[in-house]
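If you want the building blocks of each chain, they are given just below.
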Amino acid sequence: MVRRRIPVVLVAGFLGSGKTSLLNHLLRDNHGVRIGVIVNDFGSVNIDSMMVAGQVDSTVSLSNGCLCCAVDVSEMDAMLDRLTQPRSGIDVIVVEASGLAEPRTLVRLILGSENPRVGHGGLVVLVDAAEFESNRVRHPELDLHVRMADLVVLNKIDLLAVDDAAAVRDRVAALNDRSPVLETTHGRIDPRLLFDEVVRVEDGPRQLTLDELLVEREQGHDCGDGHCGHRHLHEQYRSVTFTSAEPMDPRSLVRFLEEPPAGLYRVKGFVYFGVPGHMQRYLLQTVGRQIRFDVAPWGRGAGRGTELVLIGSGIDVDGIERRLAECVAGPVRSGAEAMTGVHRYVVEV
Ligand SMILES: Nc1nc2c(ncn2[C@@H]2O[C@H](COP(=O)(O)OP(=O)(O)OP(=O)(O)O)[C@@H](O)[C@H]2O)c(=O)[nH]1
């Protein structure tokens, strides 16, 4: 069985860009996902309003199953070890980079982690849309952070006129034309872009938890008249589902993954290559530019085939479907040598 890795999502961005707002939003609008948030101090994380269930040392547990931990960078590894213990019940870890370390250092720490339960969940860089130009002048490293980002969140979009917002978007795209850019206010991105919902088996009917009530209240407003100013975030990103009962050509699929369509952020699912000696199920996860395959047996009675979900912002859905259709193997099947590219991304545990 493939052991599930817990994605670690890094959230970076300059002072005041909206990182804490985004964290608070994720903790609240968590869709039942248990989030472990790592910050360097609790500071403005709005813990009080999230019903503290308990506190031990530097960790606060919330009534919705989420945890909030305050550590400095020297304690990061130890905290990741603690949060990824099965008994912690955490599904995803979100690290606020500011104050802890340079995003580059943190990305290296996650990718180089020897903890088999840790997986890279992507680097999210928040940009204060209203202050982008002046921040770039004062902090030239901002350009590098935008270039490194797997997802750019252009926050405080409410403070800009439409034309100015378009100009900032163009400048961000000039720095990083591969990663999706989401426009937000108060960091309200759809959490499902960052992590999967978790299905938990519950016994019988139950009352809504506090966070579910809060989400319901937030979502309960009427957007029908177009006056509420609420941006329909789900319209900003799209997902494409691709299935094939025919095997996929390994070389073509790896080329697709290494040269992904603009705006693609995540790919998840499983692939059937049908290459002799490599008939197993190849579980695929990509975040930004990180590609990862895990090899697993097919479940009893499971049909052979490929099923992928691709998520991104500003993606060309038809173009993606066309490119994937071209990755389906033809009647002449590849030999085992064609799997070399795939095996570069297979992670041995
Ligand atoms: N108008 C507007 N204000 C915002 C938005 N997002 C955040 N703010 C405000 O901007 C200020 C900074 O937001 P934070 O979420 O604390 O930003 P941060 O990146 O965590 O800040 P530091 O921790 O100081 O680096 C707060 O007063 C927020 O209420 C937005 O989209 N629009």
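Procedures and definitions
Residues numbered from 1 in each chain as written. Predicted model: local features only at pLDDT ≥ 70, side-chain atom pairs only at ≥ 80, totals over all residues. Heavy atoms only, no water. Domains from an automatic or database assignment. Contact = heavy atoms within 4.5 Å. Buried area = accessible area lost by both parts, 1.4 Å probe. Salt bridge = Lys/Arg side-chain N within 4 Å of Asp/Glu carboxyl O. Helix = DSSP H or I, 4+ residues; strand = E, 2+ residues; numbered from the N terminus. Nonpolar A, V, L, I, M, F, W, Y, C, P; charged D, E, K, R; others polar. Phe/Tyr/Trp six-rings, centres within 6.5 Å; stacked < 30°, edge-to-face > 60°. Buried < 20%, exposed > 50% of the residue type's maximum accessible area, 1.4 Å probe, protein only. Near = heavy atom within 4 Å. Polar contact = N/O pair within 3.5 Å; in protein donor to acceptor, adjacent residues only side chain to side chain. Areas by Shrake-Rupley, 256 points an atom, 1.4 Å probe, with all protein chains shown as cover. Core = buried A, V, L, I, M, F, W, Y, C linked by side-chain atoms within 4.5 Å. Axes fitted to C-alpha atoms, helices over the stretch in contact; angles between N-to-C directions. Parallel < 35°, antiparallel > 145°, perpendicular 65-115°, else oblique. Left-handed = near helix turned anticlockwise from the far one by under 90°. Pairing = 2+ DSSP bridges.

**Thoughts on the domain arrangement of the protein chain**
Thinking step 1. The domain boundaries assigned to the protein chain delineate domain 1 (6-234) and domain 2 (236-343).
Thinking step 2. Contact with domain 1, which involves 27 residues of that partner, is made by 16 residues of domain 2.
Thinking step 3. Around 1,700 Å² of area is buried between domain 1 and domain 2 when both sides are counted, 46% of it from carbon and sulfur atoms.
Thinking step 4. Interface area lost by domain 1 to domain 2 is led by Arg-178, Pro-180 and Leu-193, which between them contribute 33%.
Thinking step 5. Taken together, domain 1 and domain 2 are joined by two salt bridges.
Thinking step 6. Those elements that place two or more of their residues in the side of domain 1 that touches domain 2 are β7 (118-128) and β9 (181-183).
Thinking step 7. Of all the elements, β7 adds the most residues to the side of domain 1 that touches domain 2, at four residues.
Thinking step 8. Residues of the side of domain 1 that touches domain 2, tallied by class, amount to eleven nonpolar, seven polar and nine charged.

**Concerning the packing of aromatic side chains**
For any pair of aromatic rings, geometry is given as the distance between the ring centres together with the angle between the planes.
Thinking step 1. Under the criterion given, the structure shown has five aromatic pairs.
Thinking step 2. For the pair Phe-273 and Tyr-282, a centre-to-centre distance of 5.2 Å together with 75° between the ring planes defines the contact as edge-to-face.
Thinking step 3. Here Tyr-282 falls in the buried class, since its relative accessible area comes to 1%.
Thinking step 4. For Phe-273, a relative accessible area of 1% corresponds to the buried category.

**A word on the site of the ligand**
Thinking step 1. Surveying the vicinity of the ligand reveals 14 residues, the closest of which are Lys-19, Thr-20, Ser-21, Asp-158 and His-186.
Thinking step 2. A distance of 2.5 Å is found between an oxygen atom of the ligand and a side-chain nitrogen or oxygen belonging to Thr-20.
Thinking step 3. Here a nitrogen atom of the ligand and a side-chain polar atom of Asp-158 are 2.9 Å apart.
Thinking step 4. For the ligand, the protein covers 68% of the area, taking 640 Å² as the surface of the free molecule.
Thinking step 5. If one sorts the elements of the shell around the ligand by residue count, helix α1 (residues 19-28) sits on top with three residues.
Thinking step 6. Here the residues of the shell around the ligand are counted per class, giving three nonpolar, eight polar and three charged.

**Comments concerning the pattern of salt bridges**
Opposite charge on two side chains makes pairing possible when the charged atoms of those side chains draw close.
Thinking step 1. Within this structure, the stated rule accounts for eleven salt bridges.
Thinking step 2. The closest approach of N and O atoms between Glu-183 and Arg-169, which form a salt bridge, is 2.2 Å. Taken as a pair, Glu-183 in strand β9 and Arg-169 in helix α6 (residues 162-175) lie far apart in primary sequence, 14 residues in all.
Thinking step 3. We classify Glu-183 as buried; its relative accessible area is 10%.
Thinking step 4. On the basis of relative accessible area, Arg-169 is assigned to the partly exposed category, the value being 33%.
Thinking step 5. The shortest N-O distance in the salt bridge between Asp-190 and Arg-192 comes to 3.0 Å.
Thinking step 6. The exposure class assigned to Arg-192 is partly exposed, which follows from its relative accessible area of 34%.
Thinking step 7. Taken together, the shared-partner salt bridges in this structure form one network comprising Glu-133, Arg-136, Asp-143 and Arg-171.

**What to know about the nonpolar core**
Thinking step 1. Ranked by size, the top nonpolar core spans 39 residues in total, and within it Ile-38, Ile-93, Val-95 and Val-146 carry the most contacts.
Thinking step 2. Dropping the residues within four chain positions of it, Ile-38 is found in contact with Cys-69, Val-71, Met-76, Met-79, Leu-80, Leu-83, Ile-93, Val-94, Val-95, Glu-96 and Leu-100.
Thinking step 3. Grouped together as the second largest cluster of nonpolar side chains are 33 residues, Val-33, Val-45, Ile-47 and Tyr-265 included.

**Re the packing of helix α2 (residues 76-83) against helix α3 (residues 103-111)**
Each packed pair of helices is defined by two parameters, the angle between the axes and the distance between the axes.
Thinking step 1. Direction vectors running N to C along α2 and α3 enclose 45°, while the axes themselves pass 11 Å from each other. Relative to α3, α2 is oriented oblique. The chirality of how α2 crosses α3 is right-handed. Facing α2, whose interface residues are Met-76, Asp-77 and Leu-80, α3 presents Leu-106, Leu-109 and Ile-110.
Thinking step 2. Of the residues that constitute the contact of α2 with α3, the class distribution is five nonpolar, no polar and one charged.

**Let's talk about the side chain of Ser-179**
Thinking step 1. Among the secondary structure elements, Ser-179 is positioned in the loop between α6 and β9.
Thinking step 2. Separated by 2.8 Å, the side chain of Ser-179 and the backbone oxygen of Ala-149 make a polar contact.
Thinking step 3. In contact with Ser-179, not counting residues within four places along its chain, are Ala-149, Asp-150, Leu-151, Gly-263 and Arg-289.

**Structural notes on the sheet that holds strand β5 (residues 67-70)**
Thinking step 1. In spatial order, the strands read β3-β4-β5-β2-β6-β1-β7-β8-β9; together these nine strands make up an open sheet with mixed pairing. Every other strand in the sheet has two partners, leaving β3 (52-56) and β9 as the edge strands with one partner each. Across the sheet, the axes of successive neighbouring strands diverge by a mean angle of 20°, strand direction being ignored.
Thinking step 2. Examined bridge by bridge, strand β2 (residues 35-39) and β5 share four bridges and lie parallel to one another. Its bridge partner lying in β5, Ile-38 is registered against Cys-69.
Thinking step 3. Where α2 meets the sheet, its contacts fall on β1 (6-13), β2, β4 (59-62), β5, β6 (92-96) and β7, and the angle it forms with β2 comes to roughly 170°.
Thinking step 4. Contacting β8 (151-155) and β9, α6 runs over the sheet at an angle of about 160° to β8.

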